[in-house]
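# Topology and contacts: notes
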Amino acid sequence: MEAESEPYVRLATMRQLHKAVADLNTARSLADTLQSVADGIVTGLGYELGCVNLVRPDGDLVVAAFAGNPAAESLITGRVGSRESWERRLSMGEAWDELRFIPHTEGWVLLDDDVPQWHTDGPEPRFEDEWHPLDRLYAPMYASGGGLDLLGVISVDRPRNGRRPGAWGREALQMYASQAAIAISNARLRANMQRALVRLEREQQALRASEESFRQAFEYAPSGMAIAEMGGDQHGRLLRTNDALCRLLGRPASVLRRYSFADLVHPEDIGTLLRTSAEGGRAELRLARRDGTYLWVSLRNSVVADTTDGPRFLLTHVEDIEERKRNELHLAHRASHDALTGLPNSAELRSRLGARLCERPHSVTSSAIEALDAAYGDVDTVHGYRADGYEGEAVPGVGPYDHHVHVVAPDAERDDGTKGLAVLFCDLDGFKSINDRFGHHAGDAVLIEVARRLTTCVRDGDTVARLGGDEFVVLADGLGAADAADLAVRLRNAIIPPIRVDGRAVRVGASFGIGWAECGMTEEEVLHSADQRMYVEKRSRSKVHRRAG
């Protein structure tokens, strides 16, 4: 059970991290952004204290935000530590990729330097990986665009579970520091842009100077910027783009002036673009590059007036978020797939199975005409019975616009042509002896090869998942009883041939149980049914027909 629960823990961590990063992007000012970074360390990453140290123009670092302890916040916020002392800290201890961990056995020499510090009191650790009150963990933040231009340092203290963060916690903190650096840079950019816009509105007598200030902020912004027409027949047409946007999309400015964002957006994201309001609108979508590929970007809109009563234009800030989206997809894949075989794991299997099931009792059947009537709300009641077979009120889980395709099981006694969602539960025969004789390395190699063979035997829309240990499950939709039996034979025959591991050939057999998913059943009931049939089939088969390693 502990191994099966790990994906849920990872998914929860990913959701907390995603929410903390989302909060960074909702902050309006630089001060709000810095405080959001500190708050996210405590609320999203699970540390008791979080501190954001920001590099000043003179190179020293100032405590810009603090979270987790109001007394400590009032004591050290605004205090400054020298750059020399910080560089000393970032060169000590253990390097956890980009993070820097200084254990208490080394950190005692830092107690008297000029870096503002605060730590929680607590007992001496009893275990090797337990957090010591004088342990220190730092996450440097670097300015976007590559290089090692230090923007600031996040310092954390004492994870709430009392343990030093493991690989998953370290990766989450490192990703959070990267996103925090982007958010702080963007907050500074937004502050500069807002100041430029205020000057354009208020300094009517110095319009030319204000225009030059805006032009420089626009042209030399590290993120893409665009000005588009607002209103009229040419609404949304790009009038001006900066070099960053041209590089981002791989198109020169002269070509981009022929398009609007609606012409460049991915077809699946056109609805997102249309729902984005002009004033203060924000959207994450994909834009087409010159080479035909699509890039994930974040659009943020502002309305700019040319003069006091002149036409208004749309100023759009375009930020490259491809790396963040890739990280999110990577985390989601790790949380929903088996690390060894790459197959969907137990949680993802149940999710896909649950998506096909509803609470409608599986004993209820309806004709195609009745199903169409129910989909459009035309369910009549005759003699106290509804047309779908229920008395009185609506069926739980079935609304007047229920377009769900109910899953039914074929008749086991006769082939009436009914197609259903087959659930094939596979348990390997002889796998334990391979583990015992040749070690877990050989067992892992066998599981990987079995996963590959199962995947090659099914259709593109089918699902092959690893339930745990040497158990696999195949979901195959649109099969009759005979089809499912044939599929089980093909899968078993694919597994039986020898598997070469470290120069030796080993064999495993497989027992299959065929269950059927039906609406009205839970995911656990469906899997339990297939599991029981597998054990019946395993007991009924002769040992002669079982393949062992």
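Because the structure is a prediction, the values reported are computed rather than measured.

## A closer look at the overall build of the protein
- Counting secondary structure elements, the protein contains 18 helices and 20 strands.
- Each of the 549 residues in the protein was classed as buried or not, and the buried ones make up 46%.
- Here the analysis covers contacts within the protein between residues at least 6 apart in sequence; of these, 60% occur between residues at least 24 apart.
- Of the roughly 28600 Å² of accessible surface on the protein, 51% is carried by carbon and sulfur atoms.

## Brief notes about the packing of aromatic side chains
- Overall, the coordinates contain three aromatic pairs when judged by the stated rule.
- Between W86 and Y138, the ring centres sit 5.4 Å apart and the planes meet at 75°, which makes this aromatic pair edge-to-face. Here the residue W86 occupies a position in helix α4 (residues 83-89), and Y138 occupies one in strand β6 (residues 136-142), the gap between them amounting to 52 residues.
- Here the aromatic rings of W96 and F101 are separated by 4.6 Å at their centres, their planes lie at 10°, and the arrangement is stacked.
- Assessed through its relative accessible area of 10%, W96 is described here as buried.
- Among the aromatic residues, those joined into a ring-pair cluster are W96, F101 and W131.
- Against the face of W86 rests R89, its NZ or CZ located 5.9 Å from the ring centre.

## What to know about the sheet that holds strand β3 (residues 80-81)
- An order of β3-β2-β1-β7-β6-β5-β4 is seen for the seven strands of this open sheet, with the pairing classed as antiparallel. Each edge of the open sheet is held by one strand with a lone partner, namely β3 and β4 (94-96).
- Pairing of strand β1 (residues 47-55) with strand β7 (residues 150-159), which is carried by seven bridges, proceeds in the antiparallel orientation. Along β7, the bridge assignment pairs L49 with D157.
- Helix α2 (residues 30-43) contacts β1, β2 (61-67) and β7 of the sheet and is inclined by roughly 150° relative to β1.

## With respect to a nonpolar patch on the surface
- Taken together, W108, V109 and L111 make up a surface patch of nonpolar side chains, about 290 Å² in accessible area.
- Within the secondary structure, W108 is located in the loop between α5 (104-107) and β6.
- Take W108: its relative accessible area is 55%, and that puts it in the exposed class.

Parameters at a glance
Along each chain, the written sequence defines residue order, and numbers are assigned to residues from 1. Local features in a predicted model are, by the rule used here, given only for residues with pLDDT of at least 70; side-chain atom pairs are given and counted only at 80 or more, and totals for whole chains, interfaces and linings are based on all residues. Side-chain measures here rest on the full set of heavy atoms in the structure, leaving out hydrogens and waters. Helix and strand assignments follow DSSP, with helices taken as H or I runs no shorter than four residues and strands as E runs no shorter than two, numbered in order from the N terminus. Accessible area is worked out with a 1.4 Å probe on protein chains only. A residue is then buried under 20% of its type maximum, exposed over 50%, and partly exposed in between. In what follows, residue pairs with any heavy atoms lying within 4.5 Å of each other are defined as contacts. Here the Shrake-Rupley method, with its probe set to 1.4 Å, supplies the accessible areas, and only the displayed protein chains count as covering residues. Stacked, edge-to-face and tilted labels apply to pairs of Phe, Tyr and Trp rings (six-membered ring for Trp) whose centres lie within 6.5 Å, assigned for plane angles under 30 degrees, over 60, and everything in between, in that order. Both a distance and an angle decide whether a charge sits over a ring: NZ of Lys or CZ of Arg must be within 6 Å of the ring centre and within 35 degrees of the ring normal. Two strands are said to pair when DSSP picks up at least two bridges between them. Axes, fitted as lines to C-alpha atoms, cover a helix only where it is in contact. Angles between the N-to-C directions of the axes lie from 0 to 180 degrees. The patches described consist of residues with a relative accessible area above 30% and no salt bridge, like charges being joined within 9 Å and nonpolar side chains (Val, Leu, Ile, Met, Phe, Trp, Tyr) within 5 Å. Salt bridges are defined as contacts in which a side-chain nitrogen from Lys or Arg sits within 4 Å of a carboxyl oxygen from Asp or Glu.

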